[in-house]
Amino acid sequence: HAANLWNKLGKQRIEQRHEEQLEQLVRRTFDLVSSCNARELANIAHGAAKCGLQASVVRPLYAAVAKAAVGSGLAGFDAQNLSNTVGAFAKAGVAAEPLFAAVAE
């Protein structure tokens, strides 16, 4: 699954020459986000942040992750998933006020 791939990629040193392939993965993952559970959403956000892609590239993906998380009422998110997800948004420099508000409740 894409979430596992992002998790593994986040642990690797990604060379800039692979940026085009990562952008393709961002677009493909965007299509899958609505079917992801809490852990998968956290892994996608965390892995994408660790890959160091520009905010402009990942912003649509992060928006989809936030929408899916908030839409589920944060169902299935434990403390680690919440921490990893919010931390990933911060690391990527992407704001998601509805997500942050939902986590704060």
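Below is a short write-up of the structure. (Residues numbered from 1 in each chain as written. Predicted model: local features only at pLDDT ≥ 70, side-chain atom pairs only at ≥ 80, totals over all residues. Heavy atoms only, no water.)

## Observations concerning the nonpolar core
Keep this limit in mind: Among buried residues, those of type Ala, Val, Leu, Ile, Met, Phe, Trp, Tyr and Cys that are joined through side-chain atoms within 4.5 Å constitute a nonpolar core. Here's how the labels work: a residue is buried when its accessible area is under 20% of the maximum for its type, exposed when over 50%, partly exposed in between, all with a 1.4 Å probe on protein chains only. Every helix listed is a DSSP run of H or I at least four residues long, and every strand listed is a run of E at least two residues long, numbered separately from the N terminus.
Formed by 33 residues in total, the largest nonpolar core has its most connected members in W6, I44, Y62 and F89. Looking at this core, the elements with two or more residues in it are α1 (2–10), α2 (19–32), α3 (38–51), α4 (55–71) and α5 (79–92).

## Remarks on the side chain of T85
Rules: When checking whether two residues touch, look at their non-hydrogen atoms; a contact exists if any pair is within 4.5 Å.
Note that T85 resides in helix α5. The exposure class of T85 is buried, given its relative accessible area of 2%. When sequence neighbours within four positions are dropped, the list of residues in contact with T85 reads A42, A45, F77 and L99.

## Some points on the environment of Y62
Residue placement: Y62 occurs in helix α4. Owing to a relative accessible area of 1%, Y62 belongs among the buried residues under this scheme. Placed 34 residues apart in sequence, Y62 and R28 show a C-alpha to C-alpha distance of 13 Å. In this structure Y62 touches A45, A48, A49, A88, F89, A92 and V94, once residues within four positions along its chain are discounted.

## Topic: α1
The periodicity of an α-helix, 3.6 residues per turn, causes residues three or four positions apart to be oriented the same way. In plain terms, the rule: This arc is taken over the directions from the axis of the helix to the C-beta atoms.
Within the sequence span of α1, burial applies to A2, A3, W6, N7, L9 and G10. Viewed end-on, α1 has its buried residues packed into an arc of 165°, placing them on one side of the element. Taken together, the buried residues of α1 touch α2, α3 and α4.

## Some points on the packing of α4 against helix α6 (residues 97–104)
Condition: Note on definitions: angles span 0 to 180 degrees between N-to-C directions of axes, and those axes are lines fitted to C-alpha atoms, for helices only across the stretch in contact. By convention the crossing between two helices is left-handed if the near helix lies anticlockwise of the far one by an angle smaller than a right angle, and right-handed if it lies clockwise. Any residue that is not Ala, Val, Leu, Ile, Met, Phe, Trp, Tyr, Cys, Pro, Asp, Glu, Lys or Arg is counted as polar, Gly included; the first ten are nonpolar and the last four charged.
Where α4 meets α6, the closest approach of the two axes is 9 Å, and the angle between their N-to-C directions is 35°. When the axes of α4 and α6 are compared, the crossing they make is left-handed. Here A66, A69 and V70 of α4 lie close against α6, whose contacting residues are P98, L99 and A102. Among the residues forming the contact of α4 with α6, the class breakdown is 6 nonpolar, no polar and no charged.

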